[in-house]
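Summary of the model geometry
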Amino acid sequence: ITRERSDVRGEAVELGRLGALAAAEGNTHDAATYFDWARRLFEQVGDTPQLARCLDALASLVASDLARDVPEFARHAPVIFATLERLGAAPSYGRAVLLGHLGRCWWVAGRLDLAVASIGEALGVIAALPSGDDVSGLCAFVHVDLGDMFRADDRERRTGSSGHGS
């Protein structure tokens, strides 16, 4: 188990490095992807200091290029990243809600790939929660969001427009 954890941590460190390199080259699209993948792996192994660095890197990306293009994303995503860091990786209703919101933020920013990953992570958290009306309602809400994202993406592909989140 220790070796597996070390391998996952090593992969996360490498993804963080790739994210930093992409950011230094001005490629915010790839940088955001690498930092988000690294964030997920650091959460998985419980490496809080590295997780904090990834979340800081994501927040600063949000505050730069994406902020100019998508001010809505810039307003909400840093708060979500900070709150996710405080909550930790343990499954909770609040964590699932925040991951769903993060998925919507990524979608509005035109990043369906990261939106789907965040929504998938939210659904994984929801699956780990004790069942109840509130959890069932949240699950339905997150599924509706995911369906909306895919329908909008399909519509955009067919019409050739790029109106993410509209």
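Below: a short report on this structure. Not measured: the values here are computed from a predicted model. (Residues numbered from 1 in each chain as written. Predicted model: local features only at pLDDT ≥ 70, side-chain atom pairs only at ≥ 80, totals over all residues. Heavy atoms only, no water.)

Time to look at the pattern of salt bridges. It is possible for side chains bearing opposite charge to pair when their charged atoms get close. Per the counting criterion, the structure on display carries 13 salt bridges. Of the charged contacts in the structure, one is a salt bridge between Glu43 and Arg39, with a shortest N-O distance of 3.3 Å. With a gap of four residues between them, Glu43 and Arg39 both fall in helix 2 (residues 28-45), about one helical turn apart. This pair shows no difference in class: Glu43 is buried, exactly as Arg39 is. The closest approach of N and O atoms between Arg40 and Glu121, which form a salt bridge, is 2.0 Å. Here Arg40 is found in helix 2, whereas its partner Glu121 is found in helix 6 (residues 112-128), with 81 residues between them in sequence. Pair check on accessibility: Arg40 and Glu121 agree, each one buried. Connected via shared salt-bridge partners are Asp36, Arg39, Arg40, Glu43, Arg95 and Glu121. (Salt bridge = Lys/Arg side-chain N within 4 Å of Asp/Glu carboxyl O. Helix = DSSP H or I, 4+ residues; strand = E, 2+ residues; numbered from the N terminus. Buried < 20%, exposed > 50% of the residue type's maximum accessible area, 1.4 Å probe, protein only.)

Further remarks concern helix 7 (residues 133-159). Here helix 7 spans 39 Å end to end across 27 residues, near enough to the 39 Å set by a 1.5 Å rise per residue. Among all positions in helix 7, only Val135, Leu138, Val142, Asp145, Leu146, Gly147, Met149, Ala152, Asp153 and Glu156 are buried. Buried residues in helix 7 make contact with helix 5 (93-108) and helix 6. Within two residues after helix 7, Gly160 carries a phi angle of roughly 80°, on the positive side. (Expected span 1.5 Å × (residues − 1). Contact = heavy atoms within 4.5 Å.)

For the pair helix 2 and helix 6, interaxial distance at closest approach is 10 Å and the crossing angle is 15°. Considering the angle they form, helix 2 stands roughly parallel to helix 6. As for how helix 2 packs across helix 6, the hand of that crossing is left-handed. In contact with Ala32, Thr33, Asp36, Arg39, Arg40 and Glu43 of helix 2, helix 6 contributes Asp113, Leu114, Ala117, Ser118 and Glu121. (Axes fitted to C-alpha atoms, helices over the stretch in contact; angles between N-to-C directions. Parallel < 35°, antiparallel > 145°, perpendicular 65-115°, else oblique. Left-handed = near helix turned anticlockwise from the far one by under 90°.)

Here we come to the packing of aromatic side chains. This model, assessed by the stated rule, comprises two aromatic pairs. Each ring, one from Tyr34 and one from Trp37, has its centre 6.0 Å from the other, and the planes form 75°; the classification is edge-to-face. In this pair, Tyr34 and Trp37 both sit in helix 2, three residues apart, roughly one turn of the helix. Between Phe81 and Trp106, the ring centres sit 6.4 Å apart and the planes meet at 55°, which makes this aromatic pair tilted. Of this pair, Phe81 sits in helix 4 (residues 71-87) while Trp106 sits in helix 5, and the two are 25 residues apart along the sequence. Residue Phe81 shares its accessibility class with Trp106, and that shared class is buried. (Phe/Tyr/Trp six-rings, centres within 6.5 Å; stacked < 30°, edge-to-face > 60°.)

What follows covers helix 5. Spanning 16 residues, helix 5 covers 23 Å between terminal C-alpha atoms, matching the ideal 22 Å at 1.5 Å per step. Every buried residue of helix 5 is accounted for by Arg95, Ala96, Leu98, Leu99, Gly100, Leu102, Gly103, Cys105, Trp106 and Trp107. Where helix 5 ends, the next residue or the one after it, Gly110, has phi of about 85°, a positive value.

For the rest of this paragraph, the subject is the packing of helix 5 against helix 7. Where helix 5 meets helix 7, the axes come as close as 11 Å, and the angle between the chain directions of the two elements is 10°. One finds that helix 5 runs roughly parallel with respect to helix 7. On helix 7, the residues touching Tyr93, Ala96, Val97, Gly103, Arg104 and Trp107 of helix 5 are Asp134, Val135, Leu138, Phe141, Asp145, Asp148, Met149 and Ala152. Split into classes, the residues belonging to the contact of helix 5 with helix 7 amount to nine nonpolar, one polar and four charged. (Nonpolar A, V, L, I, M, F, W, Y, C, P; charged D, E, K, R; others polar.)

Worth remembering: the numbers are spatial, not functional.
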